[in-house]
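Spelled out from the first residue to the last, the chains are:
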Amino acid sequence: MSAIRPAAVVVLAAGEGTRMKSATPKVLHAICGRSLVGHVLAASRELDPENLVVVVGHAREQVTEHLTATDPAVRTAVQERQNGTGHAVRIALEELGGSVEGTVVVVCGDTPLLTADTLKALAAAHGADGNAVTVLTAEVPDATGYGRIVRDAESGAVTAIVEHKDASAEQLALREINSGVFAFDGPLLADALKKVRTNNSQGEEYLTDVLGILREAGHRVGASVAGDHREIAGINNRVQLAEARRILNDRLLTRAMLDGVTVIDPATTWVDVTVTFGQDAVVHPGTQLTGATRLAEGAEVGPNSRLHDTGVGAGARVDNTVSDGARIGAGASVGPYAYLRPGTRLGAGAKVGTYVETKNAAIGEGTKVPHLSYVGDATIGDHTNIGAASVFVNYDGENKHHTTVGSYCKTGSDNMFVAPVTVGDGAYTAAGSVITKDVPAGSLAVARGQQRNIEGWVARKRPGSAAARAAEAVSRPAADED
């Protein structure tokens, strides 16, 4: 059964979502790297619809701005007053000229677990069965609160959708429920929407009324059953948001593991839908991978690492690290307890060690910044070693300045490189130096005060102290100890 290309997909995203108890519109809450409506748009786009229309209402400026950034080709229709799902679909069709020839798929903007495969199966069943409308349904373990699908015993056609409060005892035993997702014949939908009434307790136009109207007119109403009932779950509060995040995260990790990635502890590993992996990548417990992060073949990350928009090269090792927007070369080593900020570029085999922070820094192949250092606004060449407790002093209080350290340099511990400054290839700097002037290639820079020892200072200034007694003990002539 092949899917047909819909004339339109209509996404219902006008509701306020008061149960979220949030200043953020419900459909803009995010899980696994996308907003709720963003997940729905991604699945809908895989149907390749001729038109994709999102009905907006509550906080429409904010939602529309997000939609434009997410999918610039999407169209919006404004539902000024939330007068029901039927009214929302009618507004969407008006945006498209009142009616469209072909199939119209209607989805909800708060169903992030809905997959493209399920939508394709719905569209395919709709076309194959010649239905006027096809309902996406699901078999659930507990149907309490859901509208039940009532079918004709012989043909399997849907005869009614009965709300829980209106269901008979026999109907309450049914476990097939309405998802709120439909495929319609476009012209029949447009005509039926004109006949929908508001004589109900909410005074709204219900999209489900269209099914009865079409059936009474002699048209067939069918159903397509989702393979996993969790796909149709709508998000109405933070508990359901967390549950959906867990399900989607498990889905993403399962796919990664089946593709050859080792995830040591899926329960404590979180990834976005935009994260990609090479084969034999390893993810240790307590790791979060977000944004456009990519782990190349054999890369190893974690435990307890958080990487955003970060590329990790083949065979690189990243341990207990926070990284945002960095590029880590093949075979490089990072951490533990490192912080890579945007603009960090590590060459192949480079090392950024314990308690090192980098920002806007290009660190060359085989170069090491082992520990307790800050490298900001800097370029370091290949196979250079930066001594412990070094600081690239890049900010003068008004502007940022750049430091360049060449290849095959050895810089001492506790160095300050006061930018702008350049250290030439093969140069050395002495421990404790404050480098304020350029260092020529092959030179040794020493920039520190000469040491001066004031003998007897402790005895004079701290008489009777533990330090004074200790000093006296070691300076007492050996004869005194006989």
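Thresholds applied
- Residues numbered from 1 in each chain as written.
- Predicted model: local features only at pLDDT ≥ 70, side-chain atom pairs only at ≥ 80, totals over all residues.
- Heavy atoms only, no water.
- Helix = DSSP H or I, 4+ residues; strand = E, 2+ residues; numbered from the N terminus.
- Rg over C-alpha atoms; globule rule 2.2 N^0.38 Å.
- Buried < 20%, exposed > 50% of the residue type's maximum accessible area, 1.4 Å probe, protein only.
- Contact = heavy atoms within 4.5 Å.
- Disulfide = S-S within 2.5 Å.
- 1 Å grid on protein atoms, 1.4 Å probe; cavity = no way out; pocket = protein on both sides within 12 Å on 5 of 7 lines; lining within 4 Å.
- Points joined across faces, edges and corners; volume = space filled by probe spheres on them.
- Nonpolar A, V, L, I, M, F, W, Y, C, P; charged D, E, K, R; others polar.
- Pairing = 2+ DSSP bridges.
- Core = buried A, V, L, I, M, F, W, Y, C linked by side-chain atoms within 4.5 Å.
- Expected span 1.5 Å × (residues − 1).
- Arc of directions from axis to C-beta.
- Polar contact = N/O pair within 3.5 Å; in protein donor to acceptor, adjacent residues only side chain to side chain.
- Phe/Tyr/Trp six-rings, centres within 6.5 Å; stacked < 30°, edge-to-face > 60°.
- Lys NZ or Arg CZ within 6 Å of the ring centre and 35° of its normal.

Here we look at the overall build of the protein
Summing up its helical and strand segments, the protein has 10 helices and 36 strands in all. Taken against the 2.2 N^0.38 rule, which gives 23 Å for 482 residues, the C-alpha radius of gyration of the protein at 33 Å runs more than 25% over that of a compact globule. Its C-alpha atoms put the protein at 120 × 50 × 40 Å along the principal axes. Considering the protein as a whole, with its 482 residues, one finds that 46% of them fall into the buried category. Across the protein, contacts joining residues at least 24 apart in sequence account for 40% of those joining residues at least 6 apart.

Here we look at the state of the cysteines
Scanning the model with the defined rule gives zero disulfides in all. Cys 108 supplies the cysteine sulfur nearest to Cys 32, a cysteine that is in no disulfide, at a spacing of 20 Å.

Examining the layout of surface pockets
Roughly 370 Å³ of volume is contained in the second largest pocket. Forming the walls of the second largest pocket are 15 residues, and the residues nearest its centre are Arg 34, Glu 46, Ala 116, Arg 251 and Arg 255. Of all elements in the fold, only α1 (36–45), α4 (116–129) and α8 (238–258) reach the threshold of two or more residues within the lining of the second largest pocket. Looking at the lining of the second largest pocket element by element, the count peaks at four residues for α8. Class assignment of the residues belonging to the lining of the second largest pocket gives a composition of eight nonpolar, two polar and five charged.

Digging into the sheet that holds strand β31 (residues 410–411)
The three strands are arranged β31-β34-β36 in an open sheet whose pairing can be described as parallel. Since the sheet does not close on itself, it has two edges, and those belong to β31 and β36 (444–445), each with one partner. Judged from the two bridges that link them, strand β34 (residues 428–429) and β36 form a sheet pairing that is parallel. Across the sheet, residue Thr 429 finds its bridge partner in β36, namely Ala 445.

Details of the nonpolar core
Leu 289, Leu 295, Val 312, Ile 328, Leu 346, Ile 363 and Phe 392 are the most contacted members of the largest nonpolar core, which totals 53 residues. Contributions of two or more residues to this core are made by α8, β25 (338–340), β27 (351–363), β28 (368–380) and β33 (421–423). The greatest single-element share of this core, amounting to six residues, is contributed by α8. Other than its neighbours up to four places away in sequence, Phe 392 contacts Tyr 374, Val 375, Gly 376, Ala 378, Ile 380, Ile 386, Thr 403, Val 405 and Phe 417. One finds Ala 7, Ile 91, Val 133 and Ile 213 within the second-largest nonpolar core, a separate group that totals 37 residues.

Let's talk about the pairing of strand β8 (residues 148–151)
Where β8 lies against strand β9 (residues 158–162), four bridges are found, and the strand directions are antiparallel. The residue bridging Arg 151 from the neighbouring strand is Val 158, located in β9. The hairpin turn running from β8 into β9, its antiparallel successor, is six residues long, and Gly 156 in that turn takes a positive phi close to 80°.

Here we look at α8
An ideal rise of 1.5 Å per residue puts 30 Å on 21 residues; α8 measures up with 30 Å between its terminal C-alpha atoms. Taken residue by residue, α8 has Leu 241, Ala 244, Leu 248, Asn 249, Leu 252, Leu 253 and Ala 256 as its buried positions. Take α8 and look down its axis: the buried residues cluster within an arc of 165°, on one side only. Of the exposed residues in α8, the ones pointing more than 90 degrees away from its buried face are Val 239 and Leu 258. Looking at the packing, one finds that the buried side of α8 touches β2 (30–31), α1, β12 (262–263), β13 (270–271) and β14 (276–277). Where α8 begins, the side chain of Asn 237 points an oxygen toward the backbone nitrogen of Val 239, at a separation of 3.1 Å. A positive phi of about 105° marks Gly 260, the residue just after α8.

Looking at the packing of aromatic side chains
Evaluation of the coordinates by the stated rule reveals three aromatic pairs. Ring geometry for Tyr 337 and Tyr 355: centres 5.4 Å apart, planes at 15°, overall stacked. Here Tyr 337 is found in the loop between β24 (333–334) and β25, whereas its partner Tyr 355 is found in strand β27, with 18 residues between them in sequence. With relative accessibility at 45%, the residue Tyr 337 sits in the partly exposed group. Ring centres 4.9 Å apart and planes at 35° place the aromatic pair Phe 392 and Phe 417 in the tilted group. In this pair, Phe 392 sits in strand β29 (residues 391–393) while Phe 417 sits in strand β32 (residues 416–418), placing the two residues 25 residues apart along the sequence. When sorted by exposure, Phe 392 lands in the same class as Phe 417, which is buried. Cation over ring: Arg 246 sits above Trp 270, and NZ or CZ is 4.3 Å from the ring centre. Directly above the aromatic system of Tyr 395 lies the positively charged group of Lys 400, at a separation of 5.6 Å from the ring centroid.

Here we look at the environment of Pro 266
With respect to the helices and strands, the residue Pro 266 is situated in the loop between β12 and β13. Here Pro 266 is in contact with Arg 246, Asn 249, Leu 253 and Met 257, once residues within four sequence places are set aside.

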